[in-house]
Amino acid sequence: MADLESLIAAKIPGPRTGIEIRKSICTICDPTTQCGLDCYVKDGRIIKVEGSLEHPQNRGTLCAKGAAQRQWVYHKDRLLHPAKRVGPRGSGQMVPISWEEALSTIANNLVRLRDSYGPESIVFYCGYPKHPRPFLKRLAHQFGSPNFCTESSTCFTAMAMAWQLAFGDMAGPDLPRTKCLMIWTGNPAHARPLAARGIKEARDKGVILIVVDPRLSPTAALADLHLKLRPGTDGALALAMAHVIIEEGLYDLEFVARWTRGFEEFRAYAAQFSPPTAEGITGVPASLIAEAARLYATTKPAALMTSAAPVVQNTNGLQNQRAAVCLVALTGNFDVPGGNVVAPSAWLEVSGAGFITREHEFAQSRPWSDMAPRIGAERFPVWTELFDQAQSMALTRQLETDSPYPLRGLVAFGMNHRMWPEPSRLLRAMEKLEFIVDVDLFATDTSRYADIVLPASSSVERSELRAYPQKYVVFTQPAIPPLGDSRPDIDIIFSLAAQLGLDDPLLNPSESPYRSAVDSSCTETRPDGAPDCISAYEAALDWILAPSGLTIDELKKHPGGMFVPNPLPVEFRKYEKQGFGTPSGKAEFVSSVLEKYADRPGHDPLPVYREPALSPVSAPEEAARYPFILGTGTRLPMFIHSRTFRLSWTRCLRPAPAADLHPDDAARLGIASGDLIEISTSLGAIQVKANITSMACPGVVHMFHDYPEADVNSLISADYLDPVSGFPGYKALLCQVRKVSQA
Amino acid sequence: MGEIGTTTSYVIQHDTESCIGCYACVVACMDQNDVEIEESPALWRQVYTLESKVGPQWRIQYFSLACLHCADAPCLLACPTGAINKSLTTGAVVVQSELCIGCRSCSMACPFGVPRFGKTGTMQKCHLCHVRVESGLQPACVRVCPTGALRFGNPNQLGFETGQRRASQLVEAANSANKAGSTAGI
């Protein structure tokens, strides 16, 4: 047996070494992951992390980002003290201040702006992670502002919108029971590695896999059929598949006759998209389109896996996504075992966790009619109707024009201005803001523009509630105390509510007439003397959890999480009892909601296919100067937006900003891996390294986003948006590529 | 697996068919071993991307490689100070950095390019997480792998398990063919 020194060096947990395992979760990425984390703690410091074996989400595994947790938590750039700006905006010149001064400055400014311009003049924004969102939204509305917005202005919601317009509800693929899985579009291998195993296992069991993706991703490589289409042409492909399914009589006649609206119009429109026509548009061979259509339609049951970004981040993305989900209606695979199943939403965008909560009532604490119209309400009425947030892609123009009313304050949790296309235009427009607060873990480019910067704590330093589709739930406990003077985001929100004197028994219990019943406050203190809002937070969570039968007290007994006792049973074909959640009560090929706005560009009630606004077909003159398709934001396994650029363990895996180019294009242009290339659009140019890989789509340049030194979003116009969803067309525009110098 | 205390050799085996090129193994190793990479990345485990063409069809495969803990390790033979030894309990080839003079003979001898050199110039490399193994735990890379592409154990046992999986795939394929009316054998 090894000596004690070797055991400690090898980080063996146990009483001998004094290394204790404390449970937490990772929130470095936040689309429904939150892997269970075992933190190896010695002398109050995390010395290693591992995936929690018992956690059904990740079953002991992690991704490259989660495995780099220690570099995330202990990075030298961690903000440790509140600070106020002393130099010009953007200079990053800040001096540390106390929490008391920070909170009172914020409250005084917010109240001043409310008195001068109205509460709607304050924008409340939440990036990652997502757990503060219901609390920040409640804070915003209690303050009187309707303008709560998040990165969901560019991700996920448009996909959900396509489902809601068609069926009234999102419906996820029932992977364990399906016989045919069509992934349109996604690469779980790099975006959610914990899901990759499930797909491989399904494949090994004989489940047919169809993948629609311009790239030869590891997920596409597993597929029986890989439909490698030109970016942004998904609508034409879907309509061609519908064409085959209808022409060959492969659709579910009964479901279509009894439960759908607008089939005849849809049939007539799809008739225009024969497989050869679609081949001309998409580049996918006609025979492959037909084969995929037949397989999906005749394999029972079949499921469609849609995802948050690749299809909907196009200027015609919403309609393209609608066309794809229409195939579920056509084949009757809605709310059936092995098809796409509707499950009630539990908490923070996770559905099917086996319980329901009062999250919506908690967050939507005031009706919209009580407040001014949201940012983006006029430009994106359908998105505004379907989602309980403001569409932040309209922020730039509202700041520039002060129309319909001025915006003068910003309270941001984890904001990255590079998320917006034409980021420098947003920064210029933000000069109109009289007061900016930014909360973050690290000093970022965006926090340099804030007047007050507040230090947040990471997931291992705080408590949060999370739900999982495996019918699992966790209320985490801090594995280590907050670093420096950093505080959990939730604490900051509660402290702000108290400082603002909001009359809200859930966010500001000290003001509550129900105080004796609630018995919580922010007057407890942590060991370092800072106020501790944990009991107020727990009381609010208990309020939210009331319909579930779960309590925080019970959850605290299981810091690594627990399976939901008595999970809500899964019911299928709910539509037979209650219809669909659409205005017509049916699944809609022709959308009732879009009919209301049919005179607006792009708001066709049918899922009309249009080319991306900048494509070789729609803009041939532009394409003559900019012959490549530029696609941005495709996931790399070691990065999630800008979050892990500063971690050397992940950064070393792809050290320089680089764009993926296909070998055929590289050969034609004489470019080798490592060469410096310039990517340009009519808005500007960036210089990056070339990474030659057959994963790239021929004719496409794939550039990862958010590099301050090579910001690809600076090449995209702020108005390059889907007219219905407001989503930027990140995935397809036009660019030129030229070699600058050899590696 | 063999019992601790006998001369057993363990290996970490990589299945390229299951590997999705996510790099979790690379980072988990860095986390376990506090690998420093600020100046010159000295990754103990590396994932290589291999792209090839089969007719018109491109194929991308990933290979995760660290030390192979050879039964007859060239690095061990090449080392002039005896800094490299084979663990009797796990078969791991382990370097004692306090005996290493940084001559790089091991690096020249290793056919797989495994030895790495950090700030101090002494050799560092994968040690099979042999202390973890002796404590009944898996190597960090194996433990983290989302798809189970990395497996750990006795090479004969791992070989047997691979054969078993392939045998069942072959038989299932034959069963489907026979059900479909074909008279083809395996």
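Computed from a predicted structure; not experimentally measured. (Residues numbered from 1 in each chain as written. Chains lettered and ligands numbered in written order. Predicted model: local features only at pLDDT ≥ 70, side-chain atom pairs only at ≥ 80, totals over all residues.)

**Student:** How should the nonpolar core be read in this particular structure?
**Tutor:** Most often, soluble globular proteins have nonpolar side chains that are buried together. Judged by nonpolar contacts, the single largest core of 287 residues is most densely connected at Leu-237, Met-241, Cys-326 and Leu-327 of chain A together with Ala-24 of chain B. Contact partners of Ala-24 of chain B, with chain neighbours within four places excluded, come to Leu-62, Cys-63, Ala-64, Ala-67 and Pro-193 of chain A together with Val-144, Cys-145 and Pro-146 of chain B. (Core = buried A, V, L, I, M, F, W, Y, C linked by C-beta atoms within 7 Å. Buried ≥ 20, exposed ≤ 12 C-beta atoms within 10 Å, placed from the backbone. Contact = placed C-beta atoms within 7 Å.)

**Student:** Would you mind going over helix H8 (residues 193-204) of chain A with me for this structure?
**Tutor:** Given 3.6 residues per helical turn, the α-helix brings residues three or four places apart onto the same face. Along its 12 residues, H8 of chain A runs 17 Å from first to last C-alpha, staying within 8% of the 16 Å computed at 1.5 Å per residue. Restricting attention to buried positions, one finds in H8 of chain A the residues Pro-193, Leu-194, Ala-195, Ala-196, Arg-197, Ile-199, Lys-200 and Ala-202 of chain A. The inward-facing, buried residues of H8 of chain A contact strand E9 (180-184), helix H7 (188-191) and helix H9 (218-221) of chain A together with helix H1 (24-33) of chain B. Looking one or two residues past H8 of chain A, Gly-206 of chain A carries a phi angle of roughly 105°, positive in sign. (Helix = DSSP H or I, 4+ residues; strand = E, 2+ residues; numbered from the N terminus. Expected span 1.5 Å × (residues − 1).)

**Student:** How do you make sense of the interface of chain A and chain B when you look at a structure like this?
**Tutor:** Counting from both sides, the interface comprises 39 residues of chain A and, opposite them, 28 residues of chain B. When contributions to the side of chain A that touches chain B are tallied by element, the ones reaching two or more residues are helix H1 (4-9), strand E3 (45-51), helix H2 (64-67), H7, H8, H9 and helix H27 (648-651) of chain A. Here the side of chain A that touches chain B takes five residues from H8 of chain A, the largest share from any one element. Residues of the side of chain A that touches chain B, tallied by class, amount to 24 nonpolar, nine polar and six charged. (Nonpolar A, V, L, I, M, F, W, Y, C, P; charged D, E, K, R; others polar.)

**Student:** Got a minute to help me understand the pairing of strand E17 (residues 409-413) of chain A in this structure?
**Tutor:** Every other side chain in a regular strand lies on the same face of the sheet, so the side chains alternate between the two faces. Residue and element names in this part refer to chain A. Of all five residues making up E17, five are buried, and the element is well covered by its neighbours. Here E17 shows a buried face lined by Gly-409, Val-411 and Phe-413 and a second buried face lined by Leu-410 and Ala-412. Pairing of strand E6 (residues 122-126) with E17, which is carried by five bridges, proceeds in the parallel orientation. The partner of Tyr-125 across the bridge, within E17, is Ala-412. Note that E17 and strand E18 (residues 435-440) share five bridges and pair parallel. Note on E18: the bridge partner recorded for Leu-410 is Ile-436. In this region the chain leaves E17, passes through helix H19 (residues 423-429) and returns to the parallel neighbour E18; the handedness of that crossover is right-handed. (Pairing = 2+ DSSP bridges. Right-handed = clockwise from strand over helix to strand, strands pointing away.)

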